[in-house]
Amino acid sequence: MHFPPLKAFGLTIPALALTLGLGVAQAQDEVETRVLAEINGETITERELDQLVSQQTQGQSEIPPTQRRQFLEEIINLMLLAQAGDEADIDESPDVAAQLNNDRRRTLAQAFVRQLTEDEPVEESVLRERYETQYGGAAPKEYKARHILVSDREQAAAIIDRLADGESFTELAGQYSEDGTSRDGGNLGWFAPGDMVGPFSEAVTELEPGAVTDEPVQTRFGFHVIRLDDTRETEAPAFSDVASDLRMSVINERIQAELQALREDAEIDYEANWAKPDNG
């Protein structure tokens, strides 16, 4: 299975919205908080059980009482082990402390993104406009390409020079590309422009089949060297078939815009030299 850059990094069209847990969210004001059990003075609430059930059953809320009790026993077992770990000062381990910090950040990020999407639902008129923009003109085109992804601009430029000297793209991709496509010579398969992040998509659509980008293409994932292998025209899908993807695309853009605004307002100090962004 081949993964374009967005997919390879968990940023497909449903992308950030799904990776941040929108698919298993429940309406919090509808979940009761009554106590179901108390273990060594620590309580388990109805809300906690409902969240576990939703996560384990892909959002199902109605399950047989026997299965619901099994989930409660799972939380009890989890709590007993956690209490034992707390008693043993496991949380003082640097690795455990790091994981606890990451879990807290992930939970808060999920809740914030969920709030963003619930506060401003995507209207159908917005989806119709997006559909017309994406499919209402000429016949949609798909692209077949390969890429080499590296984290350093100079390395990407050097690879472009080596390609110009006649070296094999697939061999260089297998040797240097830093994503999963390296196993298949950088092959991304067929994709629509909307499947890719903006700079990557723009670079691909400007190439002729067989051509390689003459400069590294920078995205949030690093620096890409791209070769376009082929193009083909496709039929426009029905609105009903792509409405869900269009909605997630709009949501993902909103999330990315909010994230960009947060980054612009934030004070981000990179203490390690290797972590500093390459402004190229």
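Residues numbered from 1 in each chain as written. Predicted model: local features only at pLDDT ≥ 70, side-chain atom pairs only at ≥ 80, totals over all residues. Heavy atoms only, no water.

- The name that an unreviewed UniProt entry assigns to the protein is peptidylprolyl isomerase, with the source organism given as Spiribacter vilamensis.
- Check the Catalytic activity (unreviewed entry) section of the UniProt entry for the protein; it says "[protein]-peptidylproline (omega=180) = [protein]-peptidylproline (omega=0)".
- Taken directly from UniProt, the Sequence similarities (unreviewed entry) text for the protein runs: "Belongs to the PpiC/parvulin rotamase family." (UniProt positions renumbered as here; feature names shortened; annotations may be inferred.)

**Section: the nonpolar core**
- Grouped together as the largest cluster of nonpolar side chains are 15 residues, with contacts concentrated most on F191, F200, V204, I226 and L228.
- Every element with two or more residues in this core is listed here: strand 3 (141-150), strand 4 (187-191), helix 9 (198-205) and strand 6 (222-233).
- Formed by 13 residues, the second largest nonpolar core is a distinct cluster that contains Y131, F239, L246 and I255. (Core = buried A, V, L, I, M, F, W, Y, C linked by side-chain atoms within 4.5 Å. Buried < 20%, exposed > 50% of the residue type's maximum accessible area, 1.4 Å probe, protein only. Helix = DSSP H or I, 4+ residues; strand = E, 2+ residues; numbered from the N terminus.)

**Notes on the pairing of strand 2 (residues 42-45)**
- Bridge analysis of strand 1 (residues 35-39) against strand 2 gives 4 bridges, and the strand direction is antiparallel. Opposite E38, over in strand 2, you have T43 as the bridge partner.
- Counted between consecutive antiparallel strands, the loop separating strand 1 from strand 2 contains 2 residues, among which N40 sits at a positive phi close to 50°. (Pairing = 2+ DSSP bridges.)

**A closer look at the sheet that holds strand 5 (residues 217-219)**
- Sheet architecture is open: 4 strands sit in the order 4-3-6-5, paired in antiparallel fashion. The outermost strands of the open sheet, each flanked by one partner alone, are strand 4 and strand 5. Averaged over all pairs of adjacent strands, the angle between their axes in this sheet comes to 40°, without regard to strand direction.
- Bridge count between strand 5 and strand 6: 3 bridges; the pairing is antiparallel. Counterpart to Q218 in the pairing with strand 6 is F223.
- The strands touched by helix 7 (residues 153-164) within the sheet are strand 3, strand 5 and strand 6, with strand 6 carrying the most contacts at an inclination of about 45°. (Axes fitted to C-alpha atoms, helices over the stretch in contact; angles between N-to-C directions. Contact = heavy atoms within 4.5 Å.)

**Considering the pattern of salt bridges**
- By the definition in use, this model includes 12 salt bridges.
- With a closest N to O distance of 2.5 Å, D50 and R68 form a salt bridge. Of this pair, D50 sits in helix 3 (residues 46-56) while R68 sits in helix 4 (residues 65-87), and the two are 18 residues apart along the sequence.
- For D50, a relative accessible area of 14% translates into the label buried.
- Salt-bridge contacts for E167 lead to R162; the nearest nitrogen and oxygen are separated by 2.9 Å.
- Three or more residues are tied together by salt bridges with common partners; here these are R34, E46, D50 and R68. (Salt bridge = Lys/Arg side-chain N within 4 Å of Asp/Glu carboxyl O.)

**Examining the packing of aromatic side chains**
- Counted under the stated rule, the structure contains 3 aromatic pairs.
- Each ring, one from Y131 and one from F239, has its centre 5.7 Å from the other, and the planes form 85°; the classification is edge-to-face. Placement of Y131 in helix 6 (residues 124-135) and of F239 in helix 10 (residues 239-265) is noted, with a sequence separation of 108 residues between them.
- An aromatic cluster is defined as three or more aromatic residues linked by ring pairs; in this entry it consists of Y131, Y135 and F239.
- Taking NZ or CZ as reference, R128 lies 3.7 Å from the ring centre of F239, over its face.
- In this structure, R232 is placed above the aromatic ring of W190, and the distance from its NZ or CZ to the ring centre is 4.0 Å. (Phe/Tyr/Trp six-rings, centres within 6.5 Å; stacked < 30°, edge-to-face > 60°. Lys NZ or Arg CZ within 6 Å of the ring centre and 35° of its normal.)

**Side note on the packing of helix 3 against helix 4**
- Two numbers describe how helix 3 lies on helix 4: the axes approach to 10 Å, and their chain directions differ by 110°. The orientation of helix 3 with respect to helix 4, classified from their angle, is roughly perpendicular. The segment helix 3 lies against helix 4, with E46, E48, L49, D50, L52, V53 and Q56 engaging R68, F71, L72, E74 and I75.
- Residues of the contact of helix 3 with helix 4, tallied by class, amount to 6 nonpolar, 1 polar and 5 charged. (Parallel < 35°, antiparallel > 145°, perpendicular 65-115°, else oblique. Nonpolar A, V, L, I, M, F, W, Y, C, P; charged D, E, K, R; others polar.)

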